[in-house]
Structures are given as structure tokens and as C-alpha cells.
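One-letter residues, chain by chain:
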Amino acid sequence: MSDQEIEDFEVDNLSDTSQMIPSLPPYDMDDQLLPLEPRSTCCCWAWTLLIVATNSLVFLVNLLLVVAIFAVVLLPTIVVVYFGFQCHSRVLHSSAYYCKTILDDNSSSALIILGFVIMSPLIVVAMAVYCSLARRLRLFLCFQPYARAVYKGVKWHWYEEGGLCSCAKEWSTQVKAWV
């Protein structure tokens, strides 16, 4: 058989309904979408407060991590721009020793320009470091959906995968991402 005949044979054997089903349904009873029982009003409010507190805590951890990483990575830029603005005669014109002996207006301008030029690549590096660390720690999986407050029996995936946010689980070295 030629390649064209094989392709025609394979196309003829496919039905229209097989193309509409994206994948097979789950066979495990725990993974099936069974009707979930709604919680009572008081229980729903309590779970809502718990989930809001959990998501707020996870947001604060992410925010602190971003601030710490950006502060460390952008520290050279901050220092260079600070000294450039501090010693320039039209901006702050400090009376510090290094401003009088080492830095004049031209070198202060050069420091300001250098600081802003190296800021762009350092922002990219800081974001790549944060994304890599957040992926390794699986911080985004810690956010809990609101459905946990409304319905009983919704699984806590982070608990089943080996601990809070799956940090205790072995890190996947198979996944690679280019930034």
C-alpha cells in the first residue's frame, strides 16, 4: 500500500463522534465528577473566610518573595542611580567627599544613564528567578478555589500531592521553560 492509500484507509475508519470526544472519561471513582453536596449557610461562610485567609496568606508570601528577589537583583541599579542623582549639581548636589573628588556632573550623568540601561536586563533576570522559584515551590498551586467553600467533598490537591503546596514532593527536572 502506498502512503496515500494508508491515509485514506485511516480517515475512512474514523467516525464523526470520535473527533468530538477530546479524551476518555476518568475511570477512578475519586476523579469522576459526581454531583457535589452544597454546604449550609454558616458552614459556607466559615469555609469562605478560611479560603480567603489562605489565599491572602499565599498572596502575601508571593508578594514578599517578589519584593525580596527584585530588591536583591536590582540593588546594583538602585545604587548606581542613587549616586548619580546624589552627586549631580542640578538634582541634589551633595557635599559628600566622593561627590567633590570623584564624581562631577558628567560622571554623575553617566551613572544615571548606566543605571537605567542595566535596569531592563536585570528586571528580566529578576522575573525569571521569581518564576523559576515559584514553579519549583509550586506557589501558584496553593491558591484555593471558592468551590471548596460552597460544596462538600472537593479535594485539597496540595494535601494529596505530598504536603503544603507540594514542596515536600520531589522536584520535577523534566520540565524546562525558556524566558
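Residues numbered from 1 in each chain as written. Predicted model: local features only at pLDDT ≥ 70, side-chain atom pairs only at ≥ 80, totals over all residues. Heavy atoms only, no water.

A.B. asks: For the state of the cysteines, give the residues involved together with the corresponding values.
C.D. replies: Under the criterion given, the structure shown has 1 disulfide. Each disulfide pairs two cysteine sulfurs, and for Cys87 the partner residue is Cys99, the sulfurs being separated by 1.9 Å. Taking the torsion about the S-S bond as the criterion, the Cys87 to Cys99 disulfide, at about -60°, is left-handed. A residue pair is termed long-range when its members are at least 10 positions apart, and Cys87 in helix 4 (residues 75-87) and Cys99 in helix 5 (residues 97-101) qualify at 12 residues. (Disulfide = S-S within 2.5 Å. Helix = DSSP H or I, 4+ residues; strand = E, 2+ residues; numbered from the N terminus.)

A.B. asks: Which residues make up the packing of aromatic side chains, and what are the values?
C.D. replies: Counted according to the given criterion, the structure contains 3 aromatic pairs. Between the aromatic rings of Tyr130 and Phe140, the centroid separation amounts to 6.4 Å while the plane-to-plane angle is 85°, which identifies the pairing as edge-to-face. A residue pair is termed long-range when its members are at least 10 positions apart, and Tyr130 in helix 6 (residues 105-137) and Phe140 in the loop between helix 6 and helix 7 (147-150) qualify at 10 residues. Owing to a relative accessible area of 6%, Tyr130 belongs among the buried residues under this scheme. Taken together, the aromatic side chains of Tyr82, Phe83 and Tyr98 make up a single cluster linked through ring pairs. (Phe/Tyr/Trp six-rings, centres within 6.5 Å; stacked < 30°, edge-to-face > 60°. Buried < 20%, exposed > 50% of the residue type's maximum accessible area, 1.4 Å probe, protein only.)

A.B. asks: Give me the packing of helix 4 against helix 6: which residues, what numbers.
C.D. replies: At a minimum axis distance of 8 Å, the contact between helix 4 and helix 6 shows a crossing angle of 155°. What the angle tells us is that helix 4 and helix 6 run roughly antiparallel. Handedness of the helix 4/helix 6 crossing: left-handed. Residues Thr77, Val80, Val81, Phe83, Gly84, Phe85 and Cys87 of helix 4 lie in contact with helix 6, whose contacting residues are Asp105, Ser108, Leu111, Ile112, Leu114, Gly115, Phe116, Ile118, Met119 and Leu122. (Axes fitted to C-alpha atoms, helices over the stretch in contact; angles between N-to-C directions. Parallel < 35°, antiparallel > 145°, perpendicular 65-115°, else oblique. Left-handed = near helix turned anticlockwise from the far one by under 90°. Contact = heavy atoms within 4.5 Å.)

A.B. asks: I'd love a proper account of the nonpolar core, names of residues and values included.
C.D. replies: With 9 residues, the main nonpolar core is built from Leu65, Ile69, Phe70, Val73, Leu74, Ala126, Tyr130, Ala134 and Leu139. When contributions to this core are tallied by element, the ones reaching two or more residues are helix 3 (41-73) and helix 6. Broken down by element, this core gets its largest block of residues, 4 residues, from helix 3. If near-sequence neighbours (up to four positions away) are discounted, Val73 is found in contact with Leu122, Val125 and Ala126. (Core = buried A, V, L, I, M, F, W, Y, C linked by side-chain atoms within 4.5 Å.)

A.B. asks: Any details on helix 6? Residues and values, ideally.
C.D. replies: Think of an α-helix as 3.6 residues a turn; residues three or four steps apart then line up on the same face. Its 33 residues place the ends of helix 6 46 Å apart at the C-alpha level, agreeing with the 48 Å of an ideal helix rising 1.5 Å per residue. Within helix 6, the axis deviates most sharply at Met119, by approximately 35°, and proline Pro121 lies no more than four positions further along. By the burial criterion, the buried members of helix 6 are Ser108, Ile112, Gly115, Ala126, Tyr130 and Ala134. Where helix 6 is buried, its residues touch helix 3 and helix 4. Directly beyond the C-terminal end of helix 6, a positive phi value near 55° is found at Arg138. (Expected span 1.5 Å × (residues − 1). Bend = angle between axes of the 7 residues up to and from the residue.)

A.B. asks: Any details on unusual backbone geometry? Residues and values, ideally.
C.D. replies: In this structure, Arg138 takes a positive phi of about 55° despite not being glycine. Looking at the secondary structure, you find Arg138 in the loop between helix 6 and helix 7.

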